[in-house]
Amino acid sequence: MVLTRSQEQLADLAGGEHQRRFSLSSIPPSSRYYWIRVLLENPAALASLIFLSTVIILAVFAPLVTSYAPTFVNPVSRLQGPSADYWFGTDTLGRDVFSRSVYGARISLLVGGAVMFGAGFLGSAFGLVAGYYDRADTPMMRVMDGFEAFPGILLAIAIMASLGAATRNVIVALIIVFTPNVARLMRGTTLVTKRQLYIESARAIGMRDHAILRKYVFMNSLSPLIVQCTFVVAFAILAEASLSFLGAGVPAGTATWGNMVSEGQTYLQRAWWMVLFPGLLLFMTVMAINLIGDGLRDALDPRSRDR
Amino acid sequence: MTSDHERETRHATSFDWRLLTRRTLLTRAVALGLATPVVGGLLAACGGDDDDDDDDDDTDGGDDAEPTEASAGGDATEADGGDDDEPTEEPDDSDDGDSDGDDPNGLGGEPQRGGRLIVANAGQPTSLDIHQPAGGRTPQLIGWHMFETLFTWDAEYGLAMQLAASYEASDDAMLHTISIREGVPFHNGNELVAADVIATLDRWAQLSPLGELLYGSLDSIAEVDSHTIELTMSSPIGTVPQLLARGGQGAAIYPASVIEASGTDFVEEYIGTGPYQFTEFQADRFTLLTRFEDYVGPDGEPSGYAGARNAYVDEIEFRPVPDEAARVAGFQAGDYHYLEELIADQIEQMQADSNLRVATLPPRSYGYIGLNHAQGLMTDVTIRKAVQAAMNIEPQGLASHGEGFFQLGPGIMLPVTVWDSAAGSEFYSMNDPELAAQLLEEAGYDGTPVRWITTQDDLGDYNSAEVGRQQLEEAGFEVELVVLDEATLATTRNGQDGWDIWNGAFILRTDPTLLPYLSSCDYSGWWCSPDKEAAFERLLTEIEFDARYAAFEELQTLFYEEVGGIKQQDNYGIMAIRNEVRNFGPNTTLFELEPEFTNCWLES
Amino acid sequence: MTAYILRRIALMAPVLIIVAVIIFSLIHITPGDPAAVMAGEEATQQQVEEMRERLGLNEPIYIQFIEWTANALRLDFGESIFLRQSVSSAMVERVQPTLLLTIYSLTLAMLIAIPSGVIAAVRRNSIVDRILMVFAIGGAAVPNFFFGIVLILLFAVILGWLPAGGYVDIDDDPVQHFRRMILPSVTLGFAAAGLLARMVRSTMLDVLNEDYVRTAYAKGLRQNRVVLLHALRNAMIPAMTVLGISLAGLLGGSVVIETVFSLPGMGRLVVQSIQRRDYPVIQGVVLVTAVIQLVVMLLIDVLYVYVDPRVRYGSD
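K.L.:
Hey, could you run me through the overall build of chain A in this one?
P.N.:
Along the backbone of chain A there are 14 helices and 0 strands. For chain A, the residues scored as buried account for 58% of the 307 residues in total. Residue pairs in contact within chain A that sit at least 24 positions apart in sequence constitute 67% of those at least 6 positions apart. Of the roughly 12,600 Å² that chain A leaves accessible, carbon and sulfur atoms contribute 64%.

Encoded structure:
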């Protein structure tokens, strides 16, 4: 999955070929954009990026690429297999599984993205503060410990049980679940960074804490944060599916991959296409995000790249 | 069982399409009156007394509405009703009319004793105390193997004696004497005596609506001798045996000692007189019943619940398997012999399996869309008419039950009853979005969203709501589909706030007085008008069937003209059982109420 | 050592308080009146009042909290609204399936993950490594309810080798017990194995880069010996942490798996209680699970010090 140094050198030697394809190998290892090159030269990550971009584009332009609305019911043509009209077949209500899969990408990606940003933002804020201010550290981290004491999905369903089924609530519940995870990571990097000399200097010249936190500490933690966030996206998408299966997720009828797989599993023997396509999309998307995360880690962390 | 009155009520309560033609039913039904509400009440209570027990995801709460994946008796084969102008089917005698040549009852062969029969329930009972409300269907399915009643029903819905040995009523129906069979042991070894019956009835009357009804007219209950009781009424009541017969929250006879210990709380011990006795319960795992070797049952050929109960199977295990996909898979894999709550879409894959016996049964429920007349948009009759005009029932049926598992028809009483009527059929399934749009304009509809409440706990109802939503939207309505869990749906539906439309289903009623939206202005939907009340008054008080039928037809017409609600499709029942279970099917037990495993055997 | 353990236990106290606050708040963030919701559809005003009384909702909120916590400390989580038994006894009845399922799937996960993680690390970047890691990532990318249903269809319905679900106590009939636990354990174990294998691989890589391993190689020790004797032993230390984390995942995963395979465990109890709005049960199960997890984490931390005295615990 990861190119070794020697492979990279070989790739450099074969520069001509590469340049025609990517012109990436012109980025020297010293450049701050070198990681992009490493990432894109990782075949698994590259394929995943292409796949994920396709899914995102399909999701964004969903109305243009589908011929039926995702909620358009047509019981006369229910439970039909894949055909020219219905590429992915139809479900129990005669809804187009292809449309629903494409629109489902919107919700799944929305949940994944919103949770990533929510947990990323809150987790960063908590982590930075806890790591930077000694006095805040213990109380804040104890609270995080408290949230982390629950198995994630259990906490999420307990929250959903109280809030009720809605996409917004799924996002809220999953943000609560994933925030401590991010906070712990950010606290760790902050603890290291704040002892660096340039932070001392910045403080000495009278820079304000929030500026220091924003400009230096946060930026310094960005790489591990980004890597962590990709995994949060992947887990959030899966968690949404599990919540929907348990009846504590996005309301029924809304096209999400989780809902579709969960509704379709009852019909697995009768209409495999109801499950296969959204299931495959879910599986491949989560896998792609994980592979991108791995690739990013390798690309952003020189130590791991050495492996 | 001896008096003429008894015979009459027996006829009156019959709705067995297998033996009677529609015409003979119509003539015999003249006697309808006192008896039918009781049977109907029994049916209603049996299927619909669930409340927030979500284990049983087939019932949608309330004491009156009943979703659809229910089984019914008989066989759905095509027969010409002759004078029917609606696309209704009249199933005929399934003994000779079985079109696919497969015997759904698994008849024939020599009975074999032994083995353990395993049943997959959709949910787990909290208690098997039959008298208690809110138990749902599962406790009934399990409990009636352990408990018995004084009277029960035979295959033709005639009354039969179970624990009773004789019954006599005075001519004025004020004094009722019931003697019980001698030498009937309880599972604890004690003999059943009159004191047990009296203790049971006193408790039952405090818990069960049927009991409350009976005791409402009761002056005193007395022990004549150790095996005879006497009920003295304060007002005449001709249906004492029916009220005491098996049914939802029915008068299952417990030992007096058990009742003393529990009062009206849930009983601590399950001790009955039935052919199976309670052996073990493990939460979320199983309920195990074993044959009661000292059982002393009534004699006679088994018929419905009546007659001999042979208890061929040694043990019956009931397992809660809540996940539908897992339940079906386990059934196909042979883990269970029978499963509750089967949806029609699963039937197809089962039909190919020679290890399974699958049957489609005639309708015993119909889909219903309730409109909130009390508050909001639907208070305007023009808007309601627009809803009516927009409805196309066939896709709703397809979505909720699948092709071949429903039929269309305007009758708000099922065609298997004597009350089938085409009145108002011009307003049934109009499928006229243009007219709907026109009506909306006329009503000055301003685009306020219609709040349609539904639940995903019942997939059929939910699918139906999705289709209905789309039909309304095509006509120009704005619709907000509010998906609630089952319990919340029931609460919301019974209050006037926060909703405009709900959908569910009504189980078979034998008499229209038992349809809550007809009988009461207080029922969810609050359909009320002077015409309706007047027509209902006649339905209730007239004695002659023709006059009652006329009143009912007027009510059905009003239902369509005033748009009391929307009647959807009639839903077929379905049955699936593993083939090694012999002598079990729509003809060997009263499937439409609760199947019973007392006379089936396992073929090795 | 003892001092360290005592300090760790003392540190758990504030976390437990926070856990208690979180669980206690669950009932209070419900929109609307929790008493009305729990009393059910046909409840009269009086029944709702009784329910409120029973749940203590009439008291000021801090009193409610103190009472609830005090009861919880005595393992009294109240009465289940639906089950007509105390929450604690309901949980006791359902501990075995969850516990055994967790143990089986954890064992399975380790049996799969440790060898594959080690092989992947030793042969890093080889084709074996890549295939293993794609499987690892893939295994963690399949929703486990779906994987479970596919296994049921394959092994129960089509092949007929194993039962589709249900539970038999291990002391009643061990053979039936294991037959029924195979599919759920595989479902849960495989998913956990993916994550675990990746962690084993990465900790192994760290260790393989350590000086003493390089020295061992330099001494001319054979690779197997180095890996087994030196690297693996040291890699087990971080792997224990991983174990703790996986355990948390498995406890959560059992919620889904118990529903799919009809196992009468705590996970299924909590899912059913959500449908029944049986908040005392939800609170009890979630609290107990959290405490179990905290204790496991504590044990692992203690074990960590015990196994590797070099580990220094500083400010935290």
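K.L.:
Help me out: how do you make sense of the overall build of chain B in this one?
P.N.:
Scanning chain B from N- to C-terminus turns up 18 helices and 19 strands. Sorting the 604 residues of chain B into buried and exposed places 66% on the buried side. For chain B, the proportion of contacts with a sequence separation of at least 24, taken over those separated by at least 6, is 74%. Surface exposure of chain B reaches about 19,300 Å², of which carbon and sulfur atoms provide 46%.

K.L.:
Explain the packing of helix α12 (residues 393-401) of chain B against helix α14 (residues 459-474) of chain B here, please?
P.N.:
Working note: a packed helix pair is described by the angle between its axes plus the distance between those axes. Residues and elements named next belong to chain B. Interhelical geometry of α12 versus α14 gives an angle of 150° and a closest axis separation of 7 Å. In terms of axis orientation, α12 runs roughly antiparallel to α14. Once α12 is placed against α14, the crossing between them reads as right-handed. Touching Pro-395, Gln-396, Ala-399 and Ser-400 of α12 are Gly-460, Asn-463, Ser-464, Val-467, Gly-468 and Gln-471, all from α14.

K.L.:
I would appreciate a short explanation of the state of the cysteines in the present structure.
P.N.:
Among covalent bonds in proteins, the disulfide is the one between the sulfur atoms of two cysteines. Residues and elements named next belong to chain B. Here the structure, examined in full by the defined rule, presents 1 disulfide over all chains. Each sulfur of the disulfide joining Cys-521 and Cys-528 lies 1.9 Å from the other. Its torsion about the S-S bond being 80°, the disulfide of Cys-521 and Cys-528 is classed as right-handed. Among the residues examined, Cys-521 registers a relative accessible area of 22% and is labelled partly exposed. Overall, Cys-528 belongs to the partly exposed group, its relative accessible area being 40%.

K.L.:
Whenever I open this one, the nonpolar core confuses me. Can you help?
P.N.:
Nonpolar side chains in soluble globular proteins generally cluster together in the buried interior. Grouped together as the largest cluster of nonpolar side chains are 149 residues, with contacts concentrated most on Val-115, Ile-157 and Leu-174 of chain A together with Val-19 and Val-270 of chain C. In terms of residues, this core owes the most to one element, helix α11 (residues 209-245) of chain A, which gives 18 residues. Here this core spans two domains, since at least three of its residues come from each of domain 1 (2-73) and domain 2 (94-307) of chain C. Dropping the residues within four chain positions of it, Val-115 of chain A is found in contact with Leu-110, Gly-120, Ile-171, Leu-174, Ile-175, Phe-178, Val-232 and Ala-236 of chain A. With 70 residues, the next largest nonpolar core counts Met-146, Phe-151, Leu-159 and Tyr-276 of chain B among its residues.

K.L.:
What is the right way to look at the sheet that holds strand β5 (residues 175-180) of chain B in this model?
P.N.:
Paired through backbone hydrogen bonds, the strands of a sheet run either parallel or antiparallel to each other. Residue and element names in this part refer to chain B. In space, the 4 strands of this open sheet follow the order β4-β5-β7-β6, with antiparallel pairing throughout. The open sheet has two edge strands, β4 (164-169) and β6 (218-225), and neither has a second partner. In this sheet, neighbouring strand axes are inclined to one another by 15° on average, regardless of whether the strands run parallel or antiparallel. Along the sheet face, helix α5 (residues 194-207) touches β5, β6 and β7 (228-233) and points at about 165° away from the line of β6. Contacts from helix α6 (residues 209-216) reach β6 and β7, with the element oriented near 90° to β6.

K.L.:
Hey, could you run me through the interface of chain C and chain A in this one?
P.N.:
Interfaces are often described in size by the accessible area the parts lose on coming together. The interface of chain C with chain A comprises 55 residues on the first partner and 46 residues on the second. Summed over both sides, the interface of chain C with chain A buries roughly 4,200 Å², with 73% coming from carbon and sulfur. Connecting chain C to chain A are 1 salt bridge. Residue Arg-198 of chain C pairs with Asp-294 of chain A through a salt bridge whose shortest N-O separation is 2.5 Å. Across the contact surface, chain C and chain A share 4 residue pairs in polar contact (both at pLDDT 80 or more). Mapped onto the side of chain C that touches chain A, the elements with two or more residues apiece are α1 (2-28), α6 (127-141), α7 (144-158), α8 (174-208), α10 (223-260), α11 (266-276) and α12 (279-307) of chain C. Per element, the largest residue contribution to the side of chain C that touches chain A is 9 residues, and it comes from α1 of chain C. Residues belonging to the side of chain C that touches chain A are distributed by class as follows: 39 nonpolar, 11 polar and 5 charged.

K.L.:
Hey, could you run me through the packing of aromatic side chains in this one?
P.N.:
Here a ring pair, both rings aromatic, is described through the centre-centre distance and the interplanar angle of the planes. Residue and element names in this part refer to chain B. Within the structure shown, the criterion is met by 38 aromatic pairs over all chains. Between Trp-527 and Phe-559, the ring centres sit 5.9 Å apart and the planes meet at 70°, which makes this aromatic pair edge-to-face. One end of the pair, Trp-527, is in the loop between α16 (516-519) and α17 (530-541); the other, Phe-559, is in helix α18 (residues 545-561), and 32 residues separate them in sequence. Taken individually, Trp-527 and Phe-559 each receive the classification buried, so the pair is uniform in this respect.

K.L.:
Looking at this model, I keep getting lost on the confidence of the model for chain B. Mind explaining?
P.N.:
Residues and elements named next belong to chain B. A residue-level look at chain B finds 81% of positions with pLDDT of 70 or above and a mean pLDDT of 79. Looking at the elements of chain B, mean pLDDT is at its lowest for helix α2 (residues 22-28), recorded as 32, and at its highest for helix α11 (residues 381-390), recorded as 95. Scored below 50 in pLDDT, residues 1-101 makes 289 contacts in the model with residues more than four places away or belonging to other chains. With pTM at 0.78, the complex prediction returns an ipTM value of 0.81.

K.L.:
Would you take a moment to explain the pairing of strand β10 (residues 315-320) of chain B for this structure?
P.N.:
Residues in a regular strand project their side chains so that they alternate between the two faces of the sheet. All names here are of chain B. By the criterion of burial, β10 is predominantly enclosed, with 5 of the 6 residues buried. The pairing of strand β1 (residues 116-121) with β10 spans 6 bridges and is parallel. When the sheet's bridge partners are listed, Val-119 is paired in β10 with Phe-318. By the bridge criterion, 4 bridges tie strand β9 (residues 286-291) to β10 in an arrangement that is antiparallel. Along β10, the bridge assignment pairs Leu-288 with Glu-317.

K.L.:
Would you mind showing me how to read the pattern of salt bridges here?
P.N.:
Close approach of charged atoms lets side chains of opposite charge pair. In this structure the tally under the stated criterion is 32 salt bridges over all chains. Across the pair Arg-319 of chain B and Glu-317 of chain B runs a salt bridge whose closest N-O atoms are separated by 2.7 Å. Of the two residues examined, Arg-319 of chain B and Glu-317 of chain B, each falls in the buried class. Measuring nitrogen to oxygen at the nearest pair gives 3.6 Å for the salt bridge that ties Glu-93 of chain C to Arg-94 of chain C. The class for Glu-93 of chain C is partly exposed, based on a relative accessible area of 37%.

K.L.:
What exactly am I supposed to notice about the pairing of β9 of chain B here?
P.N.:
All names here are of chain B. A large share of β9 lies buried, amounting to 6 of its 6 residues. Where strand β8 (residues 276-282) lies against β9, 6 bridges are found, and the strand directions are antiparallel. If you follow Gln-277 over to β9, its bridge partner there is Thr-290.

Definitions and cut-offs
- Residues numbered from 1 in each chain as written.
- Chains lettered and ligands numbered in written order.
- Predicted model: local features only at pLDDT ≥ 70, side-chain atom pairs only at ≥ 80, totals over all residues.
- Heavy atoms only, no water.
- Helix = DSSP H or I, 4+ residues; strand = E, 2+ residues; numbered from the N terminus.
- Buried < 20%, exposed > 50% of the residue type's maximum accessible area, 1.4 Å probe, protein only.
- Contact = heavy atoms within 4.5 Å.
- Areas by Shrake-Rupley, 256 points an atom, 1.4 Å probe, with all protein chains shown as cover.
- Axes fitted to C-alpha atoms, helices over the stretch in contact; angles between N-to-C directions.
- Parallel < 35°, antiparallel > 145°, perpendicular 65-115°, else oblique.
- Left-handed = near helix turned anticlockwise from the far one by under 90°.
- Disulfide = S-S within 2.5 Å.
- Core = buried A, V, L, I, M, F, W, Y, C linked by side-chain atoms within 4.5 Å.
- Domains from an automatic or database assignment.
- Pairing = 2+ DSSP bridges.
- Buried area = accessible area lost by both parts, 1.4 Å probe.
- Salt bridge = Lys/Arg side-chain N within 4 Å of Asp/Glu carboxyl O.
- Polar contact = N/O pair within 3.5 Å; in protein donor to acceptor, adjacent residues only side chain to side chain.
- Nonpolar A, V, L, I, M, F, W, Y, C, P; charged D, E, K, R; others polar.
- Phe/Tyr/Trp six-rings, centres within 6.5 Å; stacked < 30°, edge-to-face > 60°.
- pLDDT = per-residue confidence, 0-100.

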